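The residues making up each chain are set out below.
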Amino acid sequence: MSSTHPIKDQLALLVGEALEVVAPDSPVSLEIERPKNALHGDFSSNAAMQLARPLKQNPRALAQKILVELPASPLIAKAEIAGAGFINFHLTPAAWHGIVRRIRAAGAGYGRGNAGTGRRVLVEFVSANPTGPLHVGHGRQAALGDALCNLFAAQGWDVTREFYYNDAGVQIATLASSVQARARGLKPGDAAWPETAYNGDYIADIAADFVAKKTVRADDREVTASGRIDDLDAIREFAVAYLRHEQDLDLKAFAVKFDHFYLESSLYTSGRVDAAVRKLIANGKTYEQDGALWLRTTEYGDDKDRVMRKSDGSYTYFVPDVAYHIAKWERGFERAINIQGTDHHGTIARVRAGLQAVGLGIAEGYPDYLLHTMVRVMRGGEEVKISKRAGSYVTLRDLIDWTSKDAVRFFLLSRKPDTEYVFDVDLALAKNNDNPVYYVQYAHARICRVFEEWGAGAATLADAELAPLVAVHELALMQRLAEYPETVAAAAQELAPHLLVHYLVALAGDFHAWYNAEKFLVDDTATKHARLALADACRITIVNGLALLGVDAPETM
């Protein structure tokens, strides 16, 4: 695995060399951490405290022995013992200058690792029923899924983005009957309007195009409406294709692309659902009761057994999910991640139980789930109500049209997925430091403006001497830049894109503080070039980080 924090890794090597002399046969987990109090140094090691008990030595005395054997290094200005036996390291400015050189040499590759090299991951997200336009909850999924895919790719994983279309079941039947009612001239509020029908205006649009015998294209198919109002199957086929096309347009506006679309209906037509049920029966993991077929999910930690096949012969909704995830495993994805709303929490235990029960060697805990809450939208100081059945819910396209693709992505990624989020449209439009995406993008634009004023390209700074970079704000900025690779690695490992969002806001803050404290284009050439090189390293890191979030880095604002 490539290093995630080069200075931490170098300090760990130095401490490791000392331990080979002090405690050659005592394994220790070398952890180099940032002290909570900056007065305690830049980094700290608790190696002496870990080894004190097995070596039966006083930790402070052991720490002193480690210091004696610690190799000399231009990175370390001072190393001292603190507390019960911590070794605190105070670094030289030269240690941080190496970060600037590293970033500028790596360019777009800065922050990328190889922890996932040779491994495949499938990320399933959005997966909206084709019964209406994408709402803001789907937008949160789209932002999360796309950012996670970028983060995994940055760690060397072979990533596949998949959209699972629920194109079978009750909701699709409701869609077809709703369009049919509209095509017959009915509308919400009429006495004959179906009680369960979808009321949105988009239903009327689909009906009008069906009657007009229009053609729609979605994915790999093209459907021309027959115009026959009594042909419910034809209406269903046209309506699903119509809404899939509409959702594709929404995703295109959000700059989200999928590698594969998987149809729920294909699980039935291919026989995968029946095959999964037969495997479970053959393995003795099912039983008949009250005319229904039950799965013994309690054998795998569920609180009660679950019905697989109801007494009317139809399958419950988690059965095709089991078949679908068997397909994921058999397609060679050792890791699968599902991004879904918190309302799917109840399905996790039964799907995993079914996957264990089929006896195919599927890893325990497969797949991973990332669950998110819904999103409230505020505009003009008032909440915009979300009501899908009434047809008045806020769509993803609404948010993009009201603000921008960048603002929607950045805002929806700014909180942990399982926390409530209020999207403030007015804040997303604000051009000030309270708007986090503007704050970060403005840092990038400021750097570009400095280089424009200078009149030369960053490439001319290849041999810039960095010794002048010793000011407080410069050291703070370089320290922040050094944290970028481990932030990217943590965001991927913890399925937490918000860590990267928070990092970029903090990085922008460090840059703006430096920008306001120092002049870049000074008369002294050495100082000017050093500061421009640091600004360039900051620019590279901002561009790289925003790209992982799917957010642009404008050069002017």
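The rules behind these values
Residues numbered from 1 in each chain as written. Predicted model: local features only at pLDDT ≥ 70, side-chain atom pairs only at ≥ 80, totals over all residues. Heavy atoms only, no water. Helix = DSSP H or I, 4+ residues; strand = E, 2+ residues; numbered from the N terminus. Buried < 20%, exposed > 50% of the residue type's maximum accessible area, 1.4 Å probe, protein only. Contact = heavy atoms within 4.5 Å. Areas by Shrake-Rupley, 256 points an atom, 1.4 Å probe, with all protein chains shown as cover. Lys, Arg positive; Asp, Glu negative; His and termini not counted. Charge placed at Lys NZ, Arg CZ, Asp CG, Glu CD. Salt bridge = Lys/Arg side-chain N within 4 Å of Asp/Glu carboxyl O. Domains from an automatic or database assignment. Core = buried A, V, L, I, M, F, W, Y, C linked by side-chain atoms within 4.5 Å. Axes fitted to C-alpha atoms, helices over the stretch in contact; angles between N-to-C directions. Parallel < 35°, antiparallel > 145°, perpendicular 65-115°, else oblique. Left-handed = near helix turned anticlockwise from the far one by under 90°. Nonpolar A, V, L, I, M, F, W, Y, C, P; charged D, E, K, R; others polar. Pairing = 2+ DSSP bridges. Disulfide = S-S within 2.5 Å.

Enquirer: So what's going on with the overall build of the protein? Which residues, and what values?
Expert: Counting secondary structure elements, the protein contains 20 helices and 17 strands. Along the longest, intermediate and shortest principal axes, the C-alpha atoms of the protein span 85 × 60 × 40 Å. Looking at the protein residue by residue over its 557 residues, the buried ones come to 52%. Restricting the contact set of the protein to residue pairs at least 6 apart, pairs at least 24 apart contribute 70%. Accessible area of the protein: about 24,500 Å², with a carbon and sulfur share of 48%. Charged side chains of the protein number 60 positive and 70 negative; the gap between the two group centres comes to 1 Å.

Enquirer: Break down the side chain of Lys 528 for me, with residues and values.
Expert: Considering the arrangement of structural elements, one finds Lys 528 in helix 20 (residues 525-549). No salt bridge is formed by the buried Lys 528; its nearest oppositely charged neighbour, Asp 523, is found at 6.9 Å. For Lys 528, the residues in contact, after removing those within four places along its chain, are Trp 454, Phe 520, Leu 521 and Val 522.

Enquirer: An account of the domain arrangement of the protein is requested, with residue identities and associated values reported.
Expert: Domain parsing of the protein yields domain 1 (6-91), domain 2 (170-256) and domain 3 (432-549). Relative to domain 2, the C-alpha centre of domain 1 lies at a distance of 67 Å.

Enquirer: Break down the nonpolar core for me, with residues and values.
Expert: Membership of the largest hydrophobic core comes to 117 residues, with the highest contact counts inside it found for Leu 11, Leu 91, Val 126, Phe 410, Phe 423 and Leu 481. Take this core: its biggest share by element is twelve residues, from helix 20. Not counting the four nearest positions on each side in its chain, Phe 410 is found in contact with Pro 436, Val 437, Val 440, Val 501, Val 505, Leu 546, Leu 549 and Val 551. In terms of nonpolar packing, the next biggest core, distinct from the first, is built from 29 residues, Leu 295, Val 351, Tyr 366 and Leu 371 among them.

Enquirer: Kindly report on the packing of helix 16 (residues 436-454) against helix 19 (residues 498-517), identifying the contributing residues and their values.
Expert: Remark: helix 16 packs on helix 19, axes separated minimally by 9 Å, with the N-to-C direction vectors making an angle of 45°. Between helix 16 and helix 19, the interaxial angle falls into the category oblique. Considering the relative orientation of helix 16 and helix 19, their crossing is left-handed. Residues Pro 436, Tyr 439, Val 440, Tyr 442, Ala 443, Arg 446, Ile 447, Arg 449 and Val 450 of helix 16 form the contact with helix 19, whose own contacting residues are Leu 504, Val 505, Ala 508, Gly 509, Phe 511, His 512, Tyr 515 and Asn 516. Split by residue class, the contact of helix 16 with helix 19 holds twelve nonpolar, three polar and two charged.

Enquirer: Please set out the pattern of salt bridges residue by residue, giving values where relevant.
Expert: Pairing of side chains with opposite charge becomes possible as their charged atoms draw close. This structure, assessed with the given rule, holds 31 salt bridges. As a salt-bridge pair, Glu 299 and Lys 285 come within 3.2 Å of each other at their nearest N and O atoms. Of this pair, Glu 299 sits in the loop between strand 11 (292-295) and strand 12 (306-309) while Lys 285 sits in the loop between helix 10 (272-282) and strand 10 (286-289), and the two are 14 residues apart along the sequence. Taken together, the salt bridges that share partners define one network made up of Arg 34, Arg 480, Glu 483 and Asp 510.

Enquirer: Explain the environment of Gly 16 to me, and be specific about the residues and the numbers.
Expert: If you trace the backbone, Gly 16 turns up in helix 1 (residues 6-22). For Gly 16, a relative accessible area of 18% puts it in the buried group. With 507 residues separating them along the chain, Gly 16 and Asp 523 place their C-alpha atoms 45 Å apart.

Enquirer: Break down the pairing of strand 15 (residues 375-379) for me, with residues and values.
Expert: Note that strand 15 and strand 17 (residues 421-424) share four bridges and pair parallel. Each bridged residue has a counterpart across the sheet, and for Met 378 the counterpart in strand 17 is Asp 424. In sequence, strand 15 turns back onto strand 16 (residues 382-384) through a hairpin of two residues, with Gly 380 there showing a positive phi of about 65°.

Enquirer: Tell me about the state of the cysteines, and name the residues and values.
Expert: Counted by the stated rule, this structure contains zero disulfides. Take Cys 448: it sits in no disulfide, and the sulfur closest to it among the cysteines is that of Cys 538, at 11 Å.

Enquirer: Can you tell me about the sheet that holds strand 17, naming the residues and giving the values?
Expert: Strand order in the open sheet formed by three strands is 16-15-17, and the pairing between neighbours is mixed. Each having just a single partner strand, strand 16 and strand 17 make up the two edges of the open sheet. Here the average twist between neighbouring strands, direction ignored, is 40°. Contacts from helix 14 (residues 405-412) reach strand 15 and strand 17, with the element oriented near 155° to strand 17.

Enquirer: Any chance you could break down the packing of helix 19 against helix 20 for me, citing the residues and the numbers?
Expert: Packing of helix 19 against helix 20 leaves a shortest axis separation of 10 Å and a crossing angle of 155°. Comparing their axes, helix 20 and helix 19 come out roughly antiparallel. As helix 19 packs across helix 20, the resulting crossing turns out to be left-handed. On helix 20, the residues touching Leu 500, Val 501, Tyr 503, Leu 504, Leu 507, Phe 511 and Trp 514 of helix 19 are Arg 531, Leu 534, Ala 535, Cys 538, Thr 541, Ile 542, Gly 545, Leu 546, Leu 548 and Leu 549.

Enquirer: Lay out the sheet that holds strand 13 (residues 335-341) with the relevant residues and their values.
Expert: Taking strand neighbours across the sheet as the criterion, the five strands line up as 9-6-5-13-14 in an open arrangement whose pairing is parallel. Both edges of this open sheet fall to strand 9 (260-263) and strand 14 (368-372), since each of them pairs with a single strand only. For this sheet the average axis-to-axis angle between neighbouring strands, irrespective of direction, equals 25°. Bridge count for strand 6 (residues 158-165) against strand 9 is four bridges, and the pairing is parallel. In the strand pairing of strand 9, Tyr 164 is matched with Tyr 262. Along the sheet, helix 11 (residues 318-330) contacts strand 5 (120-124), strand 6, strand 9 and strand 13; its crossing angle with strand 6, the most-contacted strand, is approximately 155°.

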